[in-house]
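What follows is the residue order along each chain.
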Amino acid sequence: VFLLLTRSPCDHASRKHGGDPQTLVDAFKSVPASQMLHVRYEDLLRDPYGQSQRIVDFAPRLRSLDPAIFGLGGTDFRDRNTSIVEFVLKAAKKDGHPDGNESPTEAAAQKGHGMEPKWHEYARVFGYSNID
């Protein structure tokens, strides 16, 4: 199974570190839906508990996303041994999402503004825009 985490194409981190958006779209389309779970970073910020449950439901062998329960307790991994919810909530504050509301970049993505054309299919496929 695969877990695919995407981020708004209007977010500077996506454009700076995202590589070629078409490669990601092609890879996503090549894997059967039953074998891949797509999680949007923005959804993870808005509802970390719900998205964590989606991940565990998709890959039940995980049983939990809390590393204190399975595997990393007592080891220092620079905040990577915290639960996914704690990690996301901390990241949300750092990214300027203190209350989980839509960021200006997400609003722009929904309208199709602020993106180079090469990101349009990525936005459509991963649910960031209604661009035709």
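Residues numbered from 1 in each chain as written. Predicted model: local features only at pLDDT ≥ 70, side-chain atom pairs only at ≥ 80, totals over all residues. Heavy atoms only, no water.

**Q** Before we go on, may I ask you to explain the pattern of salt bridges in this structure?
**A** Pairing between side chains of opposite charge can happen when their charged atoms approach one another. Under the criterion given, the structure shown has three salt bridges. A salt bridge links Asp43 to Arg40; the shortest N-O distance between them is 3.2 Å. Asp43 is the partner of Arg46 in a salt bridge, and the nearest nitrogen-oxygen pair spans 3.2 Å. You can see Arg46 and its partner Asp43 sitting in helix α3 (residues 41-46), three residues apart, about one turn around the helix. In this structure Arg46 comes out as partly exposed when scored by relative accessible area, which is 37%. When its relative accessible area of 23% is taken as the criterion, Asp43 is described as partly exposed. Taken together, the salt bridges that share partners define one network made up of Arg40, Asp43 and Arg46. (Salt bridge = Lys/Arg side-chain N within 4 Å of Asp/Glu carboxyl O. Helix = DSSP H or I, 4+ residues; strand = E, 2+ residues; numbered from the N terminus. Buried < 20%, exposed > 50% of the residue type's maximum accessible area, 1.4 Å probe, protein only.)

**Q** Sorry, what's going on with the packing of aromatic side chains here?
**A** When we look at a pair of aromatic rings, we describe it by the centre distance and by the angle of the planes. For the structure shown, the criterion picks out four aromatic pairs. The interplanar angle of 80 degrees and the centroid separation of 5.1 Å between the aromatic rings of Trp119 and Tyr122 together place this pair among those described as edge-to-face. Take Trp119 and Tyr122: they sit in the same class, and that class is buried. Look at Tyr122 and Tyr128: their rings are 6.2 Å apart centre to centre, the planes differ by 5 degrees, and that puts the pair in the stacked class. This pair shows no difference in class: Tyr122 is buried, exactly as Tyr128 is. (Phe/Tyr/Trp six-rings, centres within 6.5 Å; stacked < 30°, edge-to-face > 60°.)

**Q** Sorry if this is basic, but what is going on with the pairing of strand β2 (residues 36-40) here?
**A** One face of the sheet, then the other: side chains in a regular strand alternate in exactly this way. Buried residues dominate β2, accounting for five of its five residues. Of the two faces of β2, the one carrying Met36, His38 and Arg40 and the one carrying Leu37 and Val39 are both buried. Looking at chain direction, strand β1 (residues 2-6) and β2 are connected through five bridges and run parallel. Paired with Thr6 across the bridge in β2 is Arg40. (Pairing = 2+ DSSP bridges.)

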